[in-house]
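Given next are the chains, with one letter for each unit.
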Amino acid sequence: MSDVLVYVGSVIVIAVSAIYFFKSSASEADRAFEARYKAMQEEKRKAAAAAAAGGSAVPTTSANTTVKKGAAPGGKVTVLFGSQTGTAESFARTLADTGNEAGHFEVEAVDLEDFDSATLPSLPYVIFVVATYGEGDPTDNAVNFMKYLRNDDGTLSKNAFENVNFTVFGLGNKQYEQYNAIGRAVNSLMEKHGGKRVYVHGEGDDDDSLEEDFDAWRADLWKTLRKADTNAGSDDEESAPSSKTKPPHVVFEAKVVGEPAKPRVFKDDEIQNSTKHFFHNVEVKLVETRELRQSTAGGSTLHLEFDLKNTPLTYVTADNLAILPENDAALVARVATSLGYKLSQWVALTPLDSAKTTKHPFPTPATVESILSRYLDLNGAPRKGALAHLAHFATDTTEQDALLKLAGPDGKDEYHKFIVDGCRTVADVLEAFPSVRLSLTNLIHVLPSLQPRYYTISSSSAVHPTRVHVTLGVIEADLADGRRFRGVASNHLANMELPSSEAEKPKRANPYGEQGRKQVRTWPSARVTVRKSTFKLPADAATPIIMVGPGTGIAPMRAFLQERRAQREAGAAVGPSVLFFGCRRQAEDYLYADELAAYQADDTLTQLHCAFSRDTAQKVYVQHLIANEGAYVWDLLRQGAHIYVCGATAMGADVHRAIVTVVQKHGGQSAEAAAAYVQDLQHKSSYIQELWSS
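Treat the numbers as computed from the prediction; the structure is a model and nothing was measured.

What counts, and where the lines are drawn
- Residues numbered from 1 in each chain as written.
- Predicted model: local features only at pLDDT ≥ 70, side-chain atom pairs only at ≥ 80, totals over all residues.
- Heavy atoms only, no water.
- Helix = DSSP H or I, 4+ residues; strand = E, 2+ residues; numbered from the N terminus.
- Contact = heavy atoms within 4.5 Å.
- Areas by Shrake-Rupley, 256 points an atom, 1.4 Å probe, with all protein chains shown as cover.
- Pairing = 2+ DSSP bridges.
- Buried < 20%, exposed > 50% of the residue type's maximum accessible area, 1.4 Å probe, protein only.
- Polar contact = N/O pair within 3.5 Å; in protein donor to acceptor, adjacent residues only side chain to side chain.
- Phe/Tyr/Trp six-rings, centres within 6.5 Å; stacked < 30°, edge-to-face > 60°.
- Arc of directions from axis to C-beta.
- Disulfide = S-S within 2.5 Å.
- Axes fitted to C-alpha atoms, helices over the stretch in contact; angles between N-to-C directions.
- Parallel < 35°, antiparallel > 145°, perpendicular 65-115°, else oblique.
- Left-handed = near helix turned anticlockwise from the far one by under 90°.
- Nonpolar A, V, L, I, M, F, W, Y, C, P; charged D, E, K, R; others polar.

### Topic: the overall build of the chain
Each helix and strand counted, the chain has 21 helices and 23 strands in total. Within the chain, residue pairs in contact and separated by at least 24 positions form 78% of the contacts whose partners lie at least 6 positions apart. As presented, the chain carries roughly 33,600 Å² of accessible surface, and 51% of it is formed by carbon and sulfur atoms.

### Considerations on the sheet that holds strand β12 (residues 346–351)
If you trace the three strands from one edge of the open sheet to the other, you get β8-β12-β13, paired in antiparallel fashion. Where the open sheet ends on each side, the last strands, each with one partner, are β8 (252–257) and β13 (366–367). Strand direction decides the pairing type here: β8 and β12, joined by six bridges, are antiparallel. Within β12, the position partnered with K255 by the bridge is A348.

### Observations concerning the environment of Q451
Within the secondary structure, Q451 is located in the loop between α14 (440–446) and β14 (453–456). For Q451, a relative accessible area of 14% translates into the label buried. Separated by 366 residues in sequence, Q451 and T85 place their C-alpha atoms 6.5 Å apart. If we ignore the near neighbours within four places in the chain, the residues touching Q451 are Q84, T85, S274, H277 and P325. There is a polar contact of 2.7 Å between the side chain of Q451 and the backbone oxygen of T85.

### Regarding the packing of aromatic side chains
Here the structure, examined in full by the defined rule, presents 22 aromatic pairs. Considering the side-chain rings of Y199 and W217, the 5.5 Å spacing of their centres and the 70° angle between planes classify their relative orientation as edge-to-face. Of this pair, Y199 sits in the loop between β6 (196–197) and β7 (202–205) while W217 sits in helix α6 (residues 210–218), and the two are 18 residues apart along the sequence. One exposure class covers both Y199 and W217, and it is buried. With centroids separated by 4.9 Å and ring planes inclined at 75°, the aromatic side chains of F278 and Y375 adopt a geometry described as edge-to-face. Note that F278 is positioned in the loop between β8 and β9 (282–291) and Y375 in helix α9 (residues 368–375), a separation of 97 residues in sequence.

### Remarks on helix α7 (residues 221–228)
Taken residue by residue, α7 has L221, W222, L225 and R226 as its buried positions. Viewed along the axis of α7, the buried residues span an arc of 125°, placing them on a single side of the element. Each element contacted by the buried residues of α7 is listed here: β1 (76–82), α3 (87–102), β2 (106–111), β3 (125–133), β5 (165–172) and α6.

### Some remarks on the state of the cysteines
Following the criterion strictly, the structure yields zero disulfides and no others. The thiol of C610 is not disulfide-bonded; the next cysteine sulfur, from C583, is found 7.1 Å away.

### Looking at the sheet that holds strand β18 (residues 525–531)
Spatial ordering of the open sheet is given by β14-β11-β18-β9-β10-β15, a layout of six strands whose pairing is antiparallel. Every interior strand has two partners, whereas the edge strands, β14 and β15 (467–474), have only one. On average, each strand axis in the sheet is inclined to that of its neighbour by 40°, with strand direction left out of account. Looking at chain direction, β9 and strand β10 (residues 300–307) are connected through six bridges and run antiparallel. Considered in β10, the bridge of E291 is made with L302. Across the sheet, helix α16 (residues 555–569) lies against β9, β10, β14 and β15, angled at about 150° from β15, the strand it touches most.

### A short note on the packing of α3 against α7
Axis separation between α3 and α7 bottoms out at 10 Å; the angle between their running directions is 55°. With respect to α7, the element α3 is oriented oblique. Of the two possible hands of crossing, α3 and α7 adopt the one that is right-handed. Where α3 approaches α7, its residues L95, T98, G99 and A102 are matched on the opposing element by L221, W222 and R226. Here the contact of α3 with α7 is composed, by residue class, of four nonpolar, two polar and one charged.

### A closer look at unusual backbone geometry
In this structure, the amide linkage connecting T364 to the following residue, P365, adopts the cis form with an omega of 10°. Structurally, P365 can be placed in the loop between β12 and β13. Even without a glycine there, the phi angle at N310 is positive, about 65°. Positionally, N310 belongs in the loop between β10 and β11 (320–324). When its relative accessible area of 85% is taken as the criterion, N310 is described as exposed. One non-glycine residue, D603, lies in positive phi territory at about 70°.

### Quick look at the packing of helix α10 (residues 384–392) against helix α11 (residues 397–407)
Put simply, α10 and α11 touch, their axes get as near as 8 Å, and they point 160° apart. Viewed along their axes, α10 and α11 adopt a mutual orientation that is roughly antiparallel. Read as a crossing pair, α10 and α11 show a hand that is left-handed. Facing K384, L387, A388, L390, A391 and H392 of α10, the residues of α11 in contact are Q400, L403, L404, L406 and A407.

Here's what the structure looks like:
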């Protein structure tokens, strides 16, 4: 009953807040709907008249089909994207859509994994939209292209790209040390080999205002390229926008089908690279879960174990486990109710252009419930581009204008207050703007895909070859208006219930004399994949290791300690293992405290230094402990120690500065020499970080 009251209260609060921000009236909604209806009838009349006269008209169906006007005088522009989570890909497709709408150029967005690098010198115009992943690395789909551009095989001449006009927009996060490294590398390498940059090099910061950075960068893009094109005539003006809203560019139609006898098998060339995880994953059972905190008053951190038996999955110590989350059932129901969807209905994605292979974002046929639960991001804050598309489907003009304001440059403050700071989901927005009505086809093209969450495995494959351990911080927060924000992945996992042995039925005799059977227990499961990690123990077990892992950053360090103990038990000479751990309070969130004490007792853990930041009058963090132990840390570095850091990016930056200071102070080096020393450790993979933005 209490859950129902909370849900009803949440809906009321959202509705009230929407009224507060954006006032509307029923009469305006009626007038807007009537105007749109008349406009649609007029378009149909014109289309019918054109057809009768032997002409043609732009289709008005929900497919949003684009009709080409003929050959583009400016020629072809290729937008190449390197994307890990789909954001760079969505930006690239936005450029393709707006470029084609503007006229003059024929614009195509191409995945770098599908691109033939050897054709780059022959392209007249290229726009790179590339993200930087991790510690200055290219995205998975851009790895081979970056090898080509860096001329690893020495085949590129100095002026290989002299006929290529290009520009670059890079996506990064300033919390990371190697901010926008790939975008900058592409820009410099293109220029190094003769490429001519014809538009300003742009950068977006995902820690602040990535979408706003992108919109500001592209504002004059097509106008500038048009001016740079020698084929542009004086009367060749950019096409003016036909309306204040635009539907999404649609390449699939979600058609209602019957339940299939068996799942469809997709070929690799039919699958979008950025959503391969939806097609290639393994279902594994969750067989153990326990709370790691001494007190859950300030939150919850769970230890999870997944069973790999009878699956093809294997892993290496401290690899990453990618877990595919699912949206909360209540959130799915709210979206379906707002849009009038039938959750049990089966649909299949059908490409609109049958002449070419269109890559699928996720497997179908599937139920609407599966699509909303497994494949679309309903929990994240809707981006501005999505709000602009939703505005197209609002029948209330006041709501439409309010959505366009949120999506536009003038609505930056409102967007951050209402959407970002308010932690609003897609369901919240749809309930705040009830006149928005769009088909499943359009919704699929508006919302981003639900991304996997990567967890550094906290177990050793040598000790637990058929079990994967995960250390999970559960993300929940109470909001000012009474709503509660819940992280999609952590709560999906935290809400899984293990079967109880008490639920088993007792054995009983049957008429045929056979022994009765136990009731089969149903175990919760998750879809997962394994990703290789940069975290690897030294090949020589005698090499000292310095581990820095506060909070859930202890995960790979726990795996290392399991493996170092196994190495010692096998008779290997194992070097010193030192851990710097931090949390708020020793009696609250000291994760794996008993295990760490046991590792100390048997000398697996040579030294353990803990920073309990709220247990002392002055806050102490891991970087302070490193400074306190500077002489010992420097001694280990002189012995060839490897450094491992796992946790938030801000912590990683503080630890990096502390290590440089240790080298400078105890190694007797200048600030520049100390920084170069640490940088050399990183280049030799002796200083490895796995960091995430907080």
